[in-house]
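What follows is the residue order along each chain.
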Amino acid sequence: DVKVTQSSRYLVKRTGEKVFLECVQDMDHENMFWYRQDPGLGLRLIYFSYDVKMKEKGDIPEGYSVSREKKERFSLILESASTNQTSMYLCASSPNWGWGYTFGSGTRLTVV
Amino acid sequence: QQQVKQSPQSLIVQKGGISIINCAYENTAFDYFPWYQQFPGKGPALLIAIRPDVSEKKEGRFTISFNKSAKQFSLHIMDSQPGDSATYFCAATNFGNEKLTFGTGTRLTIIP
């Protein structure tokens, strides 16, 4: 069964901490995405990557960075967590020339 | 910039009824329109998708209706069941663009 795995379901971090959210896919997909999901705002794209070491800003990249050193792994980094980054974070992957996103189950991050 | 507008934000339908969720888009270059279904605690999963060369696509109880001139598309769930209770997202993209633009989501509740 193909899968996108996010390392944590729930995280609680303190303001100012550096936070790493990890995502791994086993489908050999070229593209990987990080979204945040907030009530009433839907899914907003933070960053995406179309190849190893390649990245592109999405709609709300401020306060975030990403890393993709291997094809199967895409990390989201909050350099200095703030309370307005409390949210559900969803990772997704897709193949080239296909728009079937596969999402992970999400990481609910709370910044206190 | 909100390019895909989804309504309603929430919807309550009686078991056996028809659930209808609407989306409107602005970008005339969009040529692929998927719908995603998300259950609590899970990531969104692809439900059904349509290309603009057809006006309707049906898969079981789920139907997408597409109106190219009005730049609108909708999801119809026939004979709605309690197991259909979930959040539904419409999305859109165009050929060559690996990124999906999502609507804000509709929380559907089917009551007995």
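First things first, this report covers the structure right here in the doc. Only a predicted model underlies this, so the values are computations on that prediction, with no experimental measurement involved.

Things to note about the pairing of strand 5 (residues 45–50) of chain B
All names here are of chain B. One ladder, built from 5 bridges, connects strand 4 (residues 33–38) with strand 5; its direction is antiparallel. Along strand 5, the bridge assignment pairs Q37 with A45. Between strand 4 and strand 5, which pair antiparallel one after the other, the connecting turn spans 6 residues, and G41 there sits at a positive phi close to 80°.

Observations concerning the interface of chain A and chain B
The interface is formed by 23 residues belonging to chain A together with 23 residues belonging to chain B. Of the roughly 1,800 Å² buried between chain A and chain B, counting both surfaces, carbon and sulfur atoms make up 60%. As a salt-bridge pair, B:K99 and A:E56 come within 3.8 Å of each other at their nearest N and O atoms. Along the contact surface separating chain A from chain B lie 6 residue pairs in polar contact (both at pLDDT 80 or more). A breakdown of the residues in the side of chain A that touches chain B according to their chemical character gives 12 nonpolar, 9 polar and 2 charged.

Thoughts on the state of the cysteines
Applying the stated criterion to the full structure yields 2 disulfides over all chains. Here A:C23 engages in a disulfide with A:C91; their sulfurs sit 1.9 Å apart. Here the S-S torsion is close to -80°, and the disulfide linking A:C23 with A:C91 is therefore left-handed. Of this pair, A:C23 sits in strand 3 (residues 19–25) while A:C91 sits in strand 9 (residues 87–94); the two residues are 68 residues apart in sequence, bridging distant segments of the chain. Neither residue differs from the other here; A:C23 and A:C91 are each classed as buried. The residue that forms a disulfide with B:C23 is B:C90, at a sulfur-sulfur distance of 1.9 Å.

Overview of the nonpolar core
Judged by nonpolar contacts, the single largest core of 24 residues is most densely connected at B:F33, B:W35, B:F73, B:L75 and B:Y88. Elements represented by at least two residues in this core include exactly strand 2 (10–14), strand 3 (19–25), strand 4, strand 5, strand 7 (62–67), strand 8 (72–77), strand 9 (86–92) and strand 11 (106–111) of chain B. Of the residues forming this core, the biggest block, 4 residues, is contributed by strand 9 of chain B. Ignoring any residue separated from it by four or fewer positions in sequence, one finds B:L75 in contact with B:S19, B:I20, B:I21, B:W35, B:L47, B:I48, B:F62, B:T63, B:I64 and B:Y88. In this structure, A:V4, A:M27, A:Y64 and A:L109 belong to the second largest nonpolar core, which totals 21 residues.

Digging into the pattern of salt bridges
Two side chains carrying opposite charge are able to pair once their charged atoms lie near each other. Residue and element names in this part refer to chain A. One pass over the full model with this rule turns up 8 salt bridges over all chains. In this structure, R36 engages D38 in a salt bridge whose closest nitrogen and oxygen atoms are separated by 2.8 Å. Taken individually, R36 and D38 each receive the classification buried, so the pair is uniform in this respect. In this structure, R44 engages D38 in a salt bridge whose closest nitrogen and oxygen atoms are separated by 2.8 Å. On the basis of relative accessibility, which here comes to 24%, the residue R44 falls in the partly exposed class. Overlapping salt bridges, with partners in common, bring together R36, D38 and R44 in one network.

Remarks on the sheet that holds strand 3 of chain B
Residue and element names in this part refer to chain B. As summarised here, the arrangement of the 5 strands in space is 1-3-8-7-6, forming an open sheet in which the pairing is antiparallel. Single-partner strands in this sheet number two, and they are strand 1 (4–7) and strand 6 (56–59). Strand-to-strand, the axes of this sheet are offset by a mean angle of 15°, without reference to chain direction. Here 6 bridges tie strand 7 to strand 8, and the two strands are oriented antiparallel to one another.

About the thresholds
Residues numbered from 1 in each chain as written. Chains lettered and ligands numbered in written order. Predicted model: local features only at pLDDT ≥ 70, side-chain atom pairs only at ≥ 80, totals over all residues. Heavy atoms only, no water. Pairing = 2+ DSSP bridges. Helix = DSSP H or I, 4+ residues; strand = E, 2+ residues; numbered from the N terminus. Contact = heavy atoms within 4.5 Å. Buried area = accessible area lost by both parts, 1.4 Å probe. Salt bridge = Lys/Arg side-chain N within 4 Å of Asp/Glu carboxyl O. Polar contact = N/O pair within 3.5 Å; in protein donor to acceptor, adjacent residues only side chain to side chain. Nonpolar A, V, L, I, M, F, W, Y, C, P; charged D, E, K, R; others polar. Disulfide = S-S within 2.5 Å. Buried < 20%, exposed > 50% of the residue type's maximum accessible area, 1.4 Å probe, protein only. Core = buried A, V, L, I, M, F, W, Y, C linked by side-chain atoms within 4.5 Å. Axes fitted to C-alpha atoms, helices over the stretch in contact; angles between N-to-C directions.

Nothing here speaks to function; it is all geometry.
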